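Report on the structure
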Amino acid sequence: MVNGKPVINHKNCNECGNCISDCPVQAIAGIYPKRTIIQNELVVQSQKIPTVKELLILYKKGVKTIVGEKSSLIEWWKEPIDEANDLLKQLNEAPFSISVKSIEEERYFSRRELFSLWKNESKSAMKQAAPAKWRFNQNDLHLPKYYRDYQFARITINSEKCMLCTACQKLCQNKCLNITEGHFSLLSQGCSSCQLCVDICPEKAIIVENQIAKAEETLLPIYQKVCTVCQKTYSTLREHDEKCVACRKQESFKKSKEGNHYAF
Ligand code: SF4
Ligand code: SF4
């Protein structure tokens, strides 16, 4: 960050694509690195180690096996593979199977060989190996889109603090926070853990934690009340509330002026 703005040092960038994958709001545009996938098997290459998120998305697209020319190459990718397998367990899925193949037996590892494989193999094999199916841009990297039955984050609202100002609802691009007349609905399934709602909430009423669980909607009831001070109707998450936000703020301000540090 330079003067509050992100700057890319192109001299140092090796095009690994990790920033594209990790940005929770897909703010970094670009094409993700090419992978070699032959008949639904992901081939380990020495450079550009995939992220856990990429592995989990490839898994849902049909890649269940990771193959390497040598076990030493697979060691390079061990960390993200282990982490992905750990998450797959929590998602009730089988882990990736790992296979070490010799370069003499399999013609997998140079681009020239790959090209000749595509040229010589049948049409259906070509279709399976076609890069378009396996290449992502930043818009393809929203993990909850691929695992609809699970949520990767848990959103919690502190009903005592929330004023129903709707700032978080307006900001959330995944439509996880919805305030209607009767409820404040929290749809954690689509949440990318970007934390933008946490940052914008003026009352510090939101917590977003990374946590895998079965997808569920949380409904917080909204009560319609008449303020005992100004007599206006207002909405609140507090069942036993008596004063509207404006009157409470005013009261708090008055007390702080009188020297009482009253927090509400
Ligand atoms: S959680 Fe915060 S930002 Fe969202 S409605 Fe409540 S007070 Fe406003
Ligand atoms: S609920 Fe908050 S953390 Fe989750 S996607 Fe929306 S803005 Fe981001």
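Now for the site of ligand 1. Near ligand 1, the surroundings consist of Ile157, Cys162, Met163, Leu164, Cys165, Thr166, Cys168, Ile179, Cys201, Pro202, Glu203 and Ile206. Tallied by class, residues from the shell around ligand 1 come to ten nonpolar, one polar and one charged.

A few words on a nonpolar patch on the surface. Among the surface-exposed residues, Leu171, Leu196 and Ile200 lie close enough to one another that they form a single nonpolar patch of about 220 Å² accessible area. By secondary structure assignment, the location of Leu196 is in helix α9 (residues 196–200). Overall, Leu196 belongs to the partly exposed group, its relative accessible area being 36%.

Taken together, four strands build an open sheet; the order of strands is β1-β2-β3-β4 and the sheet is mixed. Two strands in the sheet have a free side with no partner beyond their single neighbour: β1 (36–38) and β4 (97–100). Neighbour to neighbour, the strand axes of the sheet diverge by 30 degrees on average, direction disregarded. Pairing between β1 and strand β2 (residues 41–43): three bridges, direction antiparallel. The residue of β2 that forms the bridge with Ile37 is Leu42.

Strand pairs in the sheet, formed through backbone hydrogen bonds, run parallel or antiparallel to each other. In spatial order, the strands read β6-β7-β9; together these three strands make up an open sheet with antiparallel pairing. The outermost strands of the open sheet, each flanked by one partner alone, are β6 (177–179) and β9 (217–221). When the angles between neighbouring strand axes are averaged without regard to direction, this sheet yields 15 degrees. Examined bridge by bridge, strand β7 (residues 183–187) and β9 share five bridges and lie antiparallel to one another. Each residue of the ladder has a partner; that of Leu186, found in β9, is Thr218.

Analysis parameters
- Residues numbered from 1 in each chain as written.
- Chains lettered and ligands numbered in written order.
- Predicted model: local features only at pLDDT ≥ 70, side-chain atom pairs only at ≥ 80, totals over all residues.
- Heavy atoms only, no water.
- Near = heavy atom within 4 Å.
- Nonpolar A, V, L, I, M, F, W, Y, C, P; charged D, E, K, R; others polar.
- Patch = residues over 30% accessible without salt bridge, like charges linked within 9 Å, V, L, I, M, F, W, Y side chains within 5 Å.
- Areas by Shrake-Rupley, 256 points an atom, 1.4 Å probe, with all protein chains shown as cover.
- Salt bridge = Lys/Arg side-chain N within 4 Å of Asp/Glu carboxyl O.
- Helix = DSSP H or I, 4+ residues; strand = E, 2+ residues; numbered from the N terminus.
- Buried < 20%, exposed > 50% of the residue type's maximum accessible area, 1.4 Å probe, protein only.
- Pairing = 2+ DSSP bridges.
- Axes fitted to C-alpha atoms, helices over the stretch in contact; angles between N-to-C directions.

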